[in-house]
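# Overview (structure and organization)
Here's the letter readout for the chains.
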Amino acid sequence: MDERTTYDLLLVGWLVLAGAVFVALMRTTAPYGRFARPGWGPVLSARLGWLLMESPAVVMVVLLFALGRHRSAADWTFLVVWNVHYGYRTFIYSQRLRSSRSMPMVVVASGMFFNVVNGYLQGRYLFALGPSRGAEWLTGPAFLAGLGLFLGGLCVHVQADSRLRSFRRPGERHYDLPRGGLFNYVSCPNYLGEMVEWAGWALLTWSPAGVAFAVWTAANLLPRALACHRWYRSTFPDYPPRRRAVFPGIL
Ligand SMILES: NC(=O)c1ccc[n+]([C@@H]2O[C@H](COP(=O)([O-])OP(=O)(O)OC[C@H]3O[C@@H](n4cnc5c(N)ncnc54)[C@H](OP(=O)(O)O)[C@@H]3O)[C@@H](O)[C@H]2O)c1
């Protein structure tokens, strides 16, 4: 079997797995952050956990770019766009966290596994197995609309991350009732931003791998947003009743 056939089979299996993960996460919320609980084995600090979990996404895509065949301005742009997100998430977000909660190693290992497979699917398609995109791709409608969504989503989740961080001084571990910005409309604007961002990536790369990542992001974050919304409602009696979980006015 050649690599392209193996790749296509992996992608289909990966999408099926996203469906299974969605069902599992609707039943059991991943045990980190506010949902951390005993019984999930050895743990490490959230800072180290995020750093380890997200690093493979940077390494895989940079490596596959280096080993790949495509080298146009579009390919360089994909590489930069990817690393704007993952550079932030891996090296900045993880080290600025104000969380003294620990993260089970099983969550870290699952995240690393996800990032290795997802990094392979993105990097190998874009830089070797998929169509080679020339510089003209960067002025086409799919790229421009996708980049707009990506950057819009990035701003939303970076702002939401920063607002959440502002609720605590170093060492504190309480939870506030968030207000301001998109928090006035939804409980989890960070998840909303992330989902918009990867939908934008699917569009700007116009790739099945990008679509699979957008589907995985929703499969991960929709159940968590619903759980988080229920948690806020049961924790704060004065929680704004009109606020939704993740999509303003909808869900
Ligand atoms: N692409 C994907 O599939 C994927 C999957 C998961 C996460 N992510 C992204 O990773 C980022 C972090 O995810 P997460 O699930 O850890 O987000 P989160 O539950 O909102 O927590 C983010 C940080 O804010 C703190 N925090 C949350 N609510 C707070 C409140 N009400 N008051 C004070 N502090 C609060 C948390 O502290 P504690 O740690 O103490 O709870 C944590 O340090 C998000 O931007 C998310 O979009 C992406």
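Residues numbered from 1 in each chain as written. Predicted model: local features only at pLDDT ≥ 70, side-chain atom pairs only at ≥ 80, totals over all residues. Heavy atoms only, no water.

### Focus on the site of the ligand
Surveying the vicinity of the ligand reveals 24 residues, the closest of which are Tyr32, Ser99, Arg101, Tyr175 and Tyr191. In the environment of the ligand, an oxygen atom lies 3.3 Å from a nitrogen or oxygen atom belonging to the side chain of Arg224. At 2.9 Å from a nitrogen atom of the ligand is found a side-chain nitrogen or oxygen belonging to Tyr232. For the ligand, whose free accessible area comes to 890 Å², the fraction covered by protein is 92%. Among the secondary structure elements, those contributing two or more residues to the shell around the ligand are α3 (73-96), α5 (141-166), α6 (189-205) and α7 (208-235). Ranked by residue count, the leading element in the shell around the ligand is α7, at five residues. Looking at the shell around the ligand residue by residue, the classes come out as 10 nonpolar, six polar and eight charged. (Near = heavy atom within 4 Å. Polar contact = N/O pair within 3.5 Å; in protein donor to acceptor, adjacent residues only side chain to side chain. Areas by Shrake-Rupley, 256 points an atom, 1.4 Å probe, with all protein chains shown as cover. Helix = DSSP H or I, 4+ residues; strand = E, 2+ residues; numbered from the N terminus. Nonpolar A, V, L, I, M, F, W, Y, C, P; charged D, E, K, R; others polar.)

### Observations concerning the environment of Leu44
Tracing the chain through its elements places Leu44 in strand β1 (residues 43-45). Between the C-alpha atoms of Leu44 and Pro141, which are 97 residues apart in sequence, the distance is 44 Å. In this structure, Leu44 is in contact with Gly49, Leu52, Ser102, Met103, Met105 and Val108, ignoring residues within four places of it in sequence. (Contact = heavy atoms within 4.5 Å.)

### A look at a nonpolar patch on the surface
Residues Leu15, Val211 and Val215 make up a contiguous nonpolar surface patch of about 210 Å² in total accessible area. Relative to the elements of secondary structure, Val215 occurs in helix α7. A residue is classified by how much of its surface remains accessible, and Val215, at 35% relative accessible area, is partly exposed. (Patch = residues over 30% accessible without salt bridge, like charges linked within 9 Å, V, L, I, M, F, W, Y side chains within 5 Å. Salt bridge = Lys/Arg side-chain N within 4 Å of Asp/Glu carboxyl O. Buried < 20%, exposed > 50% of the residue type's maximum accessible area, 1.4 Å probe, protein only.)

### Remarks on the packing of aromatic side chains
This model, assessed by the stated rule, comprises 26 aromatic pairs. Here the aromatic rings of Phe65 and Trp76 are separated by 4.7 Å at their centres, their planes lie at 65°, and the arrangement is edge-to-face. With a gap of 11 residues between them, Phe65 in helix α2 (residues 46-67) and Trp76 in helix α3 connect regions that are remote in the sequence. Given a relative accessible area of 6%, Phe65 falls into the buried group. On the numbers, 5.1 Å between centres and 50° between planes, the contact of Phe114 with Trp216 is tilted. Of this pair, Phe114 sits in helix α4 (residues 105-129) while Trp216 sits in helix α7, and the two are 102 residues apart along the sequence. Like Phe114, the residue Trp216 is buried in the burial classification. Put simply, the rings of Trp14, Phe78, Trp82, Tyr86, Phe113, Phe114, Phe150, Trp198, Trp201, Phe213 and Trp216 touch in pairs and so form one group of aromatic residues. The ring of Trp231 is capped by Arg34, whose NZ or CZ atom sits 4.6 Å from the centre of that ring. (Phe/Tyr/Trp six-rings, centres within 6.5 Å; stacked < 30°, edge-to-face > 60°. Lys NZ or Arg CZ within 6 Å of the ring centre and 35° of its normal.)

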